[in-house]
Amino acid sequence: MKITTTIVLLVLGLALAGYFVFAPDAVPPPPMTPRERPIGDYDPALTSRVEIRNRQGQFTIVRDGMGWRLESGDGAPAVEAAREAVKAILDEVASLKAIRVADESPGQGLENPRATLVLASMRGSLRMRFGADDLNGPNLFVAVDGMKKAMVASPDLLKAIDKDRTQLREHAVVPVHAFSMTACTIERGGEKLALRKQSGNWLLESPIRGRADPERTRQLLNSIATLTAVDFVDDASKAASMGIESPRVVVRLRSDATMGEIVLRVGGDRDPSTVWLARDGSPSTLFAVPASFVEAVTVKADDLRDRRLVLLGPEAVSRLAIRDGDRRVRLARRGDTWFVDEPSGRIAETKAVLDLVDRFRALEATGYASDRDDRSAMGLEPARAEIEIGQAGVDRGVIVKLGADAVPGESRWAVSDQIGEPARVRSADVEPFLQPAFAFESLKALGREGASVRSVTATGVEGPTALVRDSVSGGDRFYVVRADGSRTEVTRAEASPVFDSLATFVVDRWVAEIPSVSAGAEFGLATPETTLTITFAPAPPAEAETRRIIIGLGRTPGDSRMYGLVEGDGRVFEPSGEVRRAIEFIANAVKGSK
């Protein structure tokens, strides 16, 4: 047994030996496990000093307050370092990983590195050398002091530090974001535009006072905050020749992020596309910036002012009161339904009311009056019309007063209690408010919803014709009953649209209010062409309800529009297309056509 086992082991050993001797291309043993953190315990976030040596020179970047200061080895003056460039370096160091490791050798280029990087903090320092490219891929050899072996790593970190002085310095001229600005003053040609932020809103302080338009102000401040240099000059003695000492534009900024003012002085042209600019506090640096910056900050106060007449929050509006001379209309919301409280107390058309609310919020001035203008002559004292919009729980709403025409047919004078300065508004923007009460009422002429019509009788020049629903087992049947008593069954497809449209009886618009039918001659209602009598299906315990609707045709011989009036209502309307088609179907039934 022992002899057999010995022979088997001997055979296996010879087989393995032969494999390694005669199979030189066999799979090698697995490589060493990469170090996931070759920088050891160093924390890049705590870095206070960055030293770079590359093909462009030697550079030292030192933390300076909230920013970084760039110092060059060639004696050039210290300047502000690019925060994004420093961040990129530190991020690449933090994410550095070894693809594989190996003993240092002359072919790796680490004895005479193409670049070195030193990071220092209160907790220690880290030094790295960058050598030759790895011939097996797009990576390169990197050595970290303290590691026994070199590693192959991505070239991204080398790309982050392989920059010249211009690339490492800060190109952003303004060191704060637009959202942190609290004041901005622009001086140009003896004029001064002043803006100040208060409670999150921007106000104009000079040369006029008022609210600043949020979007236009944001665009102006962004054009300042995002200004970047395209070139630099470090010789301050050249400022006079560049027009900085007699600037064409001076921009003064205040911010929550800095102490004191940030002052930008724009000088002369550098070339057609750029101008010279200096920032106070950095006298050794002159910036070349796009010439478009001058145009961006050359704005008029009137272009920046907020032209909205009212500022109305998103809270639910609950009332809208309109006075036009002696006529008054009050719209009020109860639950989800709007009512015309004055003078009719009827249900209002929700869409019409919400449209008014949106129009009120969107009212804008097209121009403003001067302080010398007479408000009485403008029809504002007293006001000819007044609109007030209010919210639940608030006694006084926002009020806009309307006066006389500023430009007949085009604009009229208006003043908001939130502005106090007379403004011109487009006549078309305020005319929808100055309608009679019935213009805002529900377009359902019968005031019913989901009703079921049992029959409808049309009486006209040919006599009465009825369209009747006969409920039988298995469904409804529909008949046309003529004046001579003849009876013709019609299909559900023909009759159902008639009953459905008459059940709700929606109108296109309300036209007028008249005291009696006899006063409706101009609408063809004094001697109507057609009279409809609608009987609704009974809903126990109530009896069937009969409504009489008078339909007239033509205001003048050349007017083909149809007008109607509900008996006892007094409102003249134009019926909707569905109702007109229902009436025409019944009228045609008299002539034997279905």
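Residues numbered from 1 in each chain as written. Predicted model: local features only at pLDDT ≥ 70, side-chain atom pairs only at ≥ 80, totals over all residues. Heavy atoms only, no water.

A. Local environment of the overall build of the chain. When its secondary structure is counted, the chain shows 11 helices and 36 strands. On C-alpha atoms alone, the chain measures out to a radius of gyration of 43 Å, which is more than a quarter above the 25 Å that the 2.2 N^0.38 rule sets for 594 residues. Across its three principal axes, the chain shows a C-alpha extent of roughly 120 × 105 × 45 Å. Look at the contacts in the chain between residues 6 or more apart in sequence, and 56% of them connect residues 24 or more apart. In the structure as shown, the chain presents an accessible area of about 31,500 Å², 51% of it carried by carbon and sulfur atoms. (Helix = DSSP H or I, 4+ residues; strand = E, 2+ residues; numbered from the N terminus. Rg over C-alpha atoms; globule rule 2.2 N^0.38 Å. Contact = heavy atoms within 4.5 Å. Areas by Shrake-Rupley, 256 points an atom, 1.4 Å probe, with all protein chains shown as cover.)

B. Structural context of the pairing of strand β18 (residues 286–290). Counted residue by residue, β18 has four buried out of five residues, so it is predominantly covered. As defined by bridge partners, strand β14 (residues 231–233) adjoins β18 across three bridges and the pair is classed as antiparallel. When the bridges of β18 are listed, Phe 232 appears paired with Phe 287. Note: strand β17 (residues 274–279) against β18, five bridges, orientation antiparallel. Bridge pairing links Val 275 to Val 289 in β18. (Buried < 20%, exposed > 50% of the residue type's maximum accessible area, 1.4 Å probe, protein only. Pairing = 2+ DSSP bridges.)

C. Representation of helix α10 (residues 492–504) in the model. The first and last C-alpha atoms of α10 sit 18 Å apart over 13 residues, in line with the 18 Å expected at 1.5 Å per residue. Phe 505 sits one or two residues past α10 and shows a positive phi near 50°. (Expected span 1.5 Å × (residues − 1).)

D. Spatial organisation of the pattern of salt bridges. In this structure the tally under the stated criterion is 47 salt bridges. The salt bridge partner of Glu 104 is Arg 129, with a shortest N-O separation of 3.2 Å. Highlighted residues: Glu 104 in the loop between β5 (100–102) and β6 (115–121) and Arg 129 in strand β7 (residues 124–133), separated in sequence by 25 residues. For Glu 104, a relative accessible area of 41% corresponds to the partly exposed category. Where Arg 426 meets Asp 429, a salt bridge forms, and the shortest distance between an N and an O atom there is 2.9 Å. Salt bridges sharing partners connect three or more residues here, namely Arg 346, Glu 441, Glu 513, Asp 569 and Arg 571. (Salt bridge = Lys/Arg side-chain N within 4 Å of Asp/Glu carboxyl O.)

E. Structural detail: the environment of Ser 273. Here Ser 273 shows up in the loop between β16 (262–271) and β17. For Ser 273, a relative accessible area of 47% corresponds to the partly exposed category. Counting along the chain gives 16 residues from Ser 273 to Val 289, while the straight-line C-alpha distance between them is 8.5 Å. Within the structure, the side chain of Ser 273 is placed 2.8 Å from the side chain of Asp 271, a separation counted as a polar contact. (Polar contact = N/O pair within 3.5 Å; in protein donor to acceptor, adjacent residues only side chain to side chain.)

F. Fine view of unusual backbone geometry. Along the chain, Ser 206 connects to Pro 207 via a cis peptide bond; the corresponding omega equals 0°. Among the secondary structure elements, Pro 207 is positioned in the loop between β12 (201–206) and β13 (210–211). Across the junction of Glu 381 and Pro 382, the peptide omega takes the value 0°, indicating a cis bond. Topologically, Pro 382 is positioned in the loop between β23 (367–368) and β24 (385–391). The backbone of Ser 199 sits at a positive phi, close to 50°, despite the residue not being glycine. Of note, Ser 199 is situated in the loop between β11 (191–198) and β12. For Phe 505, which is not glycine, the phi torsion reads 50° and is therefore positive. By the element assignment, Phe 505 lies in the loop between α10 and β32 (507–513).

G. View of helix α8 (residues 350–362). Counted at 1.5 Å a residue, the expected span for α8 with its 13 residues is 18 Å, and the 18 Å between its end C-alpha atoms agrees. Of all the positions in α8, only Val 353, Leu 356, Val 357 and Phe 360 are classed as buried. Projected onto a plane normal to the axis of α8, the buried residues spread over an arc of 100° and lie on a single side. (Arc of directions from axis to C-beta.)

H. Representation of the sheet that holds β17. Taken in spatial order, the nine strands make up an open sheet running β13-β12-β11-β10-β15-β16-β17-β18-β14, and their pairing is antiparallel. Two strands lie at the open edges of the sheet, namely β13 and β14, each paired on one side alone. Where helix α5 (residues 214–225) meets the sheet, its contacts fall on β10 (181–188), β11, β12, β15 (249–255) and β16, and the angle it forms with β10 comes to roughly 80°. (Axes fitted to C-alpha atoms, helices over the stretch in contact; angles between N-to-C directions.)

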